[in-house]
Amino acid sequence: MHRTMLKSKLHRVHVTHSELGYEGSCAIDEALLEAADICEYQQIDIYNVNNGERFTTYAIRAERNSGVISVNGAAARKAQAGDILIIATYAMYAEKELGQYAPELVYVDDGNRIKNRRRQIPVQAA
């Protein structure tokens, strides 16, 4: 059996841009992509804390250390500058992999600069 588990999370990032006329995606500061182990063009799920919207798109790279979080295309109707988002990725894990499983969690300040990151060991794996 395989389980779909949280792989990584950018917690409470702030939207800096909302570009309706741009090709659909979410531009994310390259330093944040690396910290959360998110690849460019990887599927991401976005949860908007401000309005409750939940949607799926893909990540693209924004300039390193720019703090950019830009929600683009049709998704721009679901988030605007200043909104707080949780950006998550998920992966399939075999039961035998769960003993080594730990999602990458990245926490940011109000300027989307990394203030803390950690690999969270789930209770059942500890």
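In the annotation of an unreviewed UniProt entry, the entry for the protein reads Aspartate 1-decarboxylase, and the organism field reads Novimethylophilus kurashikiensis. Per UniProt, the comment on the protein under Subcellular location (unreviewed entry) is "Cytoplasm". Checking UniProt for the protein, the heading Catalytic activity (unreviewed entry) contains the comment "L-aspartate + H(+) = beta-alanine + CO2".

> Help me out: how do you make sense of the overall build of the protein in this one?
Counting its regular elements, the protein contains 1 helix and 9 strands. Helices (α) and strands (β) of the protein occur, in sequence order from the N terminus, as β-β-β-α-β-β-β-β-β-β. Its C-alpha atoms give the protein a radius of gyration of 15 Å, within 12% of the compact-globule value 14 Å for 126 residues. Dimensions of the protein, computed from C-alpha atoms along their principal axes, come out at roughly 45 × 30 × 25 Å. Counting every position in the protein, which comprises 126 residues, the buried fraction comes to 48%. For the protein, the share of sequence-separated contacts (at least 6 apart) that also reach a separation of at least 24 residues comes to 75%. Looking at charge distribution, the protein has the averaged site of its 15 positive side-chain charges lying 6 Å from that of its 16 negative ones.

Thresholds, definitions, all that
- Residue positions are counted from 1 within each chain, in the order its sequence is given.
- Where totals are concerned, whole chains, interfaces and linings use all residues; where local detail is concerned, this predicted model gives features only for residues with pLDDT of at least 70, and gives and counts side-chain atom pairs only at 80 or more.
- The side-chain quantities take in all heavy atoms of the structure and omit both hydrogens and water.
- UniProt positions are given in the numbering used here, feature names are shortened, and annotations may be inferred rather than shown by experiment.
- In this description a helix means any DSSP run of H or I spanning at least four residues, a strand means any run of E spanning at least two, and both kinds are numbered starting from the N terminus.
- For the radius of gyration, the atoms used are the C-alpha atoms, and the globule rule reads 2.2 Å times the number of residues raised to 0.38.
- Exposed residues in this analysis have more than 50% of their type's maximum accessible area, buried residues have under 20%, and partly exposed residues fall in between, with area computed by a 1.4 Å probe over protein chains only.
- Any two residues having at least one pair of non-hydrogen atoms within 4.5 Å are treated as being in contact.
- Counting rule for charge: Lys and Arg are taken as positive, Asp and Glu as negative, and neither His nor the chain ends is counted.
- For the purpose of locating charges, the reference atoms are NZ of Lys, CZ of Arg, CG of Asp and CD of Glu.

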